[in-house]
Amino acid sequence: MPNLARTRAGRVAGRVHNPRMLAEVAAGLAAPQKELSPKYFYDQRGSELFEEITRLPEYYPTRTERALLEGWMPELMQQLGTRSLVELGAGSAEKSRIILDAMRATGLGELYVPIDVSATFVSQTAAVLRREYPGLMVEPAIADIAEELNLPRRIPRPALFAFLGSTIGNFYPPAAIRLLARVRAAMEPGDRFLMGVDLRKDVARIEAAYNDSEGVTAEFNRNMLLVLNHELGADFDPEAFEHLAFYDTVAHRVEMHLVSSRDQRVTIPGLPPIAIAKGESIRTEISTKYDRQSVAELFEAAGLRIEAWPTDPTTPFGLVVGAPA
Ligand code: SAH
Ligand code: AVI
């Protein structure tokens with residue numbers, strides 16, 4: 001089965017049965033630089049920790065993006081006449097409400113499709129939104145967007161596809177291009193794509209956002225090991241790993257790692273024991289930072305073009321509107 005959320009249900013008679021996740025984790029931990037996908041951050045606790053991150057003083061992206069959306073959505077929605085909002089990686093849909101409000105104000109909004117790998121979280125979000133927006137159809141889709149979008153069959157058009165929060169930056173370029181090409185393939189004439197991108201800026205400011213003083217990001221990072229313990233029956237000791245986040249000025253991205261504080265051996269049922277040396281790390285996330293040129297290159301490779309980019313020079317974040325090329 002292609003996505004984490006579906007496989008998460010896969011416990012058979014008390015035994016873990018999640019072959020796809022197991023294979024992915026096995027490959028990642030066998031690589032010279034051990035690596036796990038950031039999609040494994042987001043169980044219920046991980047999603048809550050991310051929400052906490054968005055409220056931290058150091059984590060500027062969320063509040064900056066929100067201000068841009070507030071300033072710009074009413075006019076954009078008037079222009080586009082959007083009937084459906086399809087949102088990738090929607091999470092709690094906190095900022096999506098700004099788009100939904102603007103869509104409601106036009107009187108044209110019919111459908112909201114929040115897509116997320118975090119099944120319980122997105123189902124809760126959908127239930128809350130149905131109460132907040134009577135008259136709006138809310139049809140959540142559970143999908144690993146690296147693999148599929150799992151869209152409903154009927155989507156009233158024109159639709160706005162949205163991918164907020166700079167989550168695109170958590171995908172390596174080939175995967176990011178495949179994902180955007182998938183969005184492009186789902187678009188019809190008149191549809192638009194709205195993407196939030198965190199922009200290159202002062203390194204100290206970026207690094208502070210991923211090394212907050214309250215240690216919430218560190219807890220979010222370690223939570224991935226608890227997800228593996230729960231889903232795969234692994235025996236990671238999160239306390240035996242230190243949070244590390246730094247900015248790579250050549251690749252223009254933050255890297256998050258978990259660094260082993262001692263020589264240790266981890267057991268995951270179905271795999272040979274995994275030796276992790278003191279000081280060795282597991283990379284858990286990249287968070288790429290963009291400029292206009294790098295976004296244009298991604299879009300071009302995916303068959304999209306930049307139609308509008310309403311940043312102002314003082315904001316360290318971009319909201320890009322894309323259209324089929
Ligand atoms: N859009 C929200 C949430 C961002 S957090 C915001 O801007 O604040 C990233 C969200 O993407 C989480 O809800 C997470 O569950 C989801 N996500 C991460 N990787 C994913 C994947 N591969 N497929 C689907 N959803 C994913
Ligand atoms: C979801 N994503 C865009 C966040 C980011 O900034 O890359 C996840 C995150 N990782 C650490 N803090 C927040």
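Here is what the cut-offs are and how they apply
- Residues numbered from 1 in each chain as written.
- Chains lettered and ligands numbered in written order.
- Predicted model: local features only at pLDDT ≥ 70, side-chain atom pairs only at ≥ 80, totals over all residues.
- Heavy atoms only, no water.
- Helix = DSSP H or I, 4+ residues; strand = E, 2+ residues; numbered from the N terminus.
- Buried < 20%, exposed > 50% of the residue type's maximum accessible area, 1.4 Å probe, protein only.
- Near = heavy atom within 4 Å.
- Polar contact = N/O pair within 3.5 Å; in protein donor to acceptor, adjacent residues only side chain to side chain.
- Areas by Shrake-Rupley, 256 points an atom, 1.4 Å probe, with all protein chains shown as cover.
- Nonpolar A, V, L, I, M, F, W, Y, C, P; charged D, E, K, R; others polar.
- 1 Å grid on protein atoms, 1.4 Å probe; cavity = no way out; pocket = protein on both sides within 12 Å on 5 of 7 lines; lining within 4 Å.
- Points joined across faces, edges and corners; volume = space filled by probe spheres on them.
- Expected span 1.5 Å × (residues − 1).
- Arc of directions from axis to C-beta.

### Considering unusual backbone geometry
For residues besides glycine, phi is generally negative; the peptide bonds are generally trans as well.
And then number 1: In this structure, proline 158 follows arginine 157 across a cis peptide bond, with omega equal to 5°.
And then number 2: Relative to the helices and strands, proline 158 resides in the loop between strand S7 (141–142) and strand S8 (159–163).
And then number 3: In the Ramachandran plot, alanine 93 falls in the positive-phi region, its phi being about 60° despite a non-glycine side chain.
And then number 4: Checked against the element boundaries, alanine 93 lands in the loop between strand S4 (84–88) and helix H5 (96–106).
And then number 5: Classification of alanine 93 as buried rests on a relative accessible area of 1%.
And then number 6: Positive phi outside glycine occurs at serine 166, with the angle close to 65°.
And then number 7: Within the element layout of this structure, serine 166 appears in the loop between S8 and helix H7 (173–186).
And then number 8: Serine 166 sits in the buried class, given a relative accessible area of 5%.

### Here's the deal with the site of ligand 2
And then number 1: Surrounding ligand 2, one finds 14 residues, the nearest of these being Tyr59, Asn170, Tyr210, Glu285 and Ser287.
And then number 2: Here glutamate 285 contributes a side-chain N or O atom positioned 2.7 Å from a nitrogen atom of ligand 2.
And then number 3: At 2.7 Å from an oxygen atom of ligand 2 is found a side-chain nitrogen or oxygen belonging to serine 287.
And then number 4: Across the complex, the protein chains shield 97% of the 340 Å² of accessible surface that ligand 2 would expose by itself.
And then number 5: Elements with a minimum of two residues in the shell around ligand 2: helix H3 (44–54), helix H9 (216–232) and strand S14 (281–288).
And then number 6: Considering only residue class, the shell around ligand 2 consists of seven nonpolar, six polar and one charged.

### A look at the site of ligand 1
And then number 1: Taken together, 17 residues form the shell around ligand 1, and within it Gly89, Lys95, Asp116, Asp144 and Ile145 come nearest.
And then number 2: Between glycine 89 and ligand 1, the recorded distance is 2.8 Å, taken from a backbone N or O atom to a nitrogen atom.
And then number 3: Backbone polar atom of alanine 143 to a nitrogen atom of ligand 1: 3.4 Å apart, as the coordinates give it.
And then number 4: In the complex, the protein chains occlude 93% of the 570 Å² of accessible area that ligand 1 would expose alone.

### Some remarks on the layout of surface pockets
And then number 1: Here the second largest pocket is characterised by a volume of approximately 200 Å³.
And then number 2: If you trace the second largest pocket, you find 15 residues lining it, with Pro173, Thr288, Tyr290, Ser294 and Leu298 closest to the centre.
And then number 3: Listing elements by their share of the lining of the second largest pocket, those giving two or more residues are H7, S14 and helix H10 (292–302).
And then number 4: Tallying contributions element by element places H10 first for the lining of the second largest pocket, with three residues.
And then number 5: Its residues assigned to classes, the lining of the second largest pocket shows eight nonpolar, three polar and four charged.

### A word on H7
And then number 1: Over its 14 residues, H7 runs 20 Å from end to end, which matches the ideal 20 Å to within 8%, given 1.5 Å per residue.
And then number 2: Looking at H7, one finds that the buried residues are Ala175, Ala176, Leu179, Leu180, Val183 and Ala186. Viewed end-on, H7 has its buried residues packed into an arc of 130°, placing them on one side of the element. Looking at H7, the residues exposed on the side facing more than 90 degrees away from the buried face are Pro174 and Ala185.

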